[in-house]
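Tertiary structure, described
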Amino acid sequence: MARLGRRLEVDKVWVDRLIPAGKGSEIEGLGPQQSRDLFILMRKSRVAMDRALQFLAGGQPYQCQAGKTLMAITPGGNVLPCRRMPMVAGNLWKNTLKEIYQDEIMKSLRETENQDCSGCLYNKMCRGGLRCLAYALTGSPFQPDPACWIAQSLKQRAKGIEPWPSTRALLYYKPWTWRW
């Protein structure tokens, strides 16, 4: 895909991860190691790396924008924090957009830092990764991104298990290439 994009001189090629939902909710997405391998392949292929967790393999820092600068409105007027997170924050037939934006769900998505990620160097920057993926797989958007190899490593360490050695995200830490 990246080669085709370059050949066609498109401005940007990017990859979004699968969010299991609806009839596809039984589909197993990529695990932490598979996600890391994909992101490294993306970096080598020069695919845009400006989505959740992708910065860990050399992309730009990114925070999930669900409920922050991003909302989705369904045909029935329901407002969702994200098009990929079927969590109703309010309805435009009953409330103003400002009231919905100030609702507890949206406020929590904007303000809550993921406590499970508190030991991570990237916590403030990442805030737990992709909220819609966490919601789809755990039932809570406030859990760490299930595909994050650093979160998995922190959980393993908390249980006294030595994580697999390839979790050293600092290997790809290049602050001089980051733009805010």
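Scroll up a little and you will see the structure.
A brief structural summary. (Residues numbered from 1 in each chain as written. Predicted model: local features only at pLDDT ≥ 70, side-chain atom pairs only at ≥ 80, totals over all residues. Heavy atoms only, no water.)

Some remarks on empty space enclosed by the protein
Note the cut-off: A cavity here means a set of points on a 1 Å grid, drawn over the protein atoms and nothing else, where a 1.4 Å probe fits but cannot get out; a pocket is an open set with protein on both sides within 12 Å along at least five of seven lines, and a residue lines either one if it has an atom within 4 Å of a point. Grid points are joined across faces, edges and corners, and a volume is the space filled by probe spheres set on the points. Put simply, DSSP marks the helices as runs of H or I at least four residues long and the strands as runs of E at least two long, and each gets a number from the N terminus on.
The final tally for this structure, using the stated rule, is one cavity of 30 Å³ or more. The calculated volume of the largest cavity comes to roughly 90 Å³. Surrounding the largest cavity, 16 residues form its lining, Leu53, Cys117, Cys120, Cys126 and Cys148 being those nearest its centre. At the level of secondary structure, the elements contributing two or more residues to the lining of the largest cavity comprise helix 5 (123-126) and helix 7 (149-158).

So, the packing of aromatic side chains
For the record, the criterion: The pairing test for Phe, Tyr and Trp rings, Trp by its six-membered ring, is centres within 6.5 Å, and the orientation test on the planes gives stacked under 30 degrees, edge-to-face over 60, and tilted for anything in between. We call a residue buried when its accessible area falls under 20% of the maximum for its residue type, exposed when it is over 50%, and partly exposed in between, using a 1.4 Å probe and counting protein chains only. We count a charge as sitting over a ring when the NZ of a lysine or the CZ of an arginine lies within 6 Å of the ring centre and within 35 degrees of the ring normal.
Going through the model one piece at a time under the given rule, you end up with one aromatic pair. Note on Phe39 and Trp149: the rings are 6.0 Å apart at their centroids and 55° apart in plane angle, and the pair reads as tilted. One end of the pair, Phe39, is in helix 2 (residues 32-45); the other, Trp149, is in helix 7, with 110 residues separating them in the sequence. Trp149 gets classed as buried once you look at its relative accessible area, which sits at 1%. Looking at Arg110, its charged tip hangs above the ring of Tyr101, at a distance of 3.8 Å from the centre.

A look at the sheet that holds strand 3 (residues 90-91)
Note the following rule: At least two DSSP bridges between two strands are required for those strands to pair.
Pairing within the open sheet is antiparallel, and its three strands lie in the order 1-2-3. Pairing within the sheet leaves two strands with one partner each, and these edge strands are strand 1 (72-73) and strand 3. Looking at chain direction, strand 1 and strand 2 (residues 78-80) are connected through two bridges and run antiparallel. If you follow Ile73 over to strand 2, its bridge partner there is Val79.

A look at helix 7
Counted only if it meets this: In this analysis, two residues are considered to be in contact whenever any of their non-hydrogen atoms come within 4.5 Å of each other.
Of all the residues in helix 7, the buried ones are Trp149, Ile150, Ala151, Ser153 and Gln156. Looking at the packing, one finds that the buried side of helix 7 touches helix 2. One or two steps after helix 7, the chain reaches Gly160, where phi turns positive at roughly 85°.

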